[in-house]
Every structure is written in C-alpha cells, then in structure tokens.
Amino acid sequence: MNERQRNELRTKAGDFKTYSLVLFALGAFFYLGAIIPGALEATKKPFALLAVSSCLAAALYCSRRAARYACQLEKEENPFEP
C-alpha cells in the first residue's frame, strides 16, 4: 500500500468519525425536543422518536466504518504485529 492510499484511509476514517459525532449530536437534539413537555404535539412525537433512532443508527454505522478504516490502516502500517 502506498502513501496515497494510506492518506485516503486516514481521511475516510476522520470523515466518518466526524459524521458520527454530528449525527449523535443531532439525535440528542431531536431527543431533547421529544422529551421536553409542550415542545411537540402528541401526534408528532413518534416521528421525532423515529428521527432520533434513525440518527443514532446512522451514527453507529459511521462510527463502525471509521473503526474499520482505522483498523485497516493499522494493519497496513504494522503488518508483522499480532
């Protein structure tokens, strides 16, 4: 693996880590909006909770992708370590 490919992996890992942090924050913001009394009508709360769960699921996906790229980069940089 050459230096260009390693830099691409570093960039992808950093990007996915940033995406996951933003999605976690957005999910927390939606959750706060759903639990504050009087902020939403009772008919809109299921949609808000659906938005929370989808943001958190997307954040977990991005977090796992970032970990996968970081692990792949670590294996490429240290191929002889167990």
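Now for a quick tour of the structure. These numbers come from a predicted model, not from an experiment. (Residues numbered from 1 in each chain as written. Predicted model: local features only at pLDDT ≥ 70, side-chain atom pairs only at ≥ 80, totals over all residues. Heavy atoms only, no water.)

What to know about the overall build of the chain
Scanning the chain from terminus to terminus reveals two helices and zero strands. A globule of 82 residues ought to have a C-alpha radius of gyration of about 12 Å, yet the chain, at 18 Å, is considerably larger. For the chain, the spread of C-alpha atoms along the principal axes amounts to about 60 × 25 × 15 Å. Counting over 82 residues, the chain shows a buried share of 20%. Partitioning the contacts of the chain with sequence separation of at least 6, the portion at a separation of at least 24 is 71%. For the chain, the accessible surface area stands at approximately 6100 Å², while carbon and sulfur atoms represent 64% of it. For the chain, the distance from the average site of its 11 positive side-chain charges to the average site of its 8 negative ones is 8 Å. (Helix = DSSP H or I, 4+ residues; strand = E, 2+ residues; numbered from the N terminus. Rg over C-alpha atoms; globule rule 2.2 N^0.38 Å. Buried < 20%, exposed > 50% of the residue type's maximum accessible area, 1.4 Å probe, protein only. Contact = heavy atoms within 4.5 Å. Areas by Shrake-Rupley, 256 points an atom, 1.4 Å probe, with all protein chains shown as cover. Lys, Arg positive; Asp, Glu negative; His and termini not counted. Charge placed at Lys NZ, Arg CZ, Asp CG, Glu CD.)

Some remarks on helix 1 (residues 3-35)
Over its 33 residues, helix 1 extends 48 Å from the first C-alpha to the last, a length consistent with the 48 Å expected when each residue adds 1.5 Å. Listing the buried residues of helix 1 in full gives R6, L9, A13, F16, S20, G27 and A34. Summarising the contacts, the buried residues of helix 1 are in contact with helix 2 (45-77). (Expected span 1.5 Å × (residues − 1).)

Side note on the environment of Y19
Within the fold, Y19 resides in helix 1. Spatially, the C-alpha atoms of Y19 and E41 are 30 Å apart, while their sequence positions differ by 22 residues.

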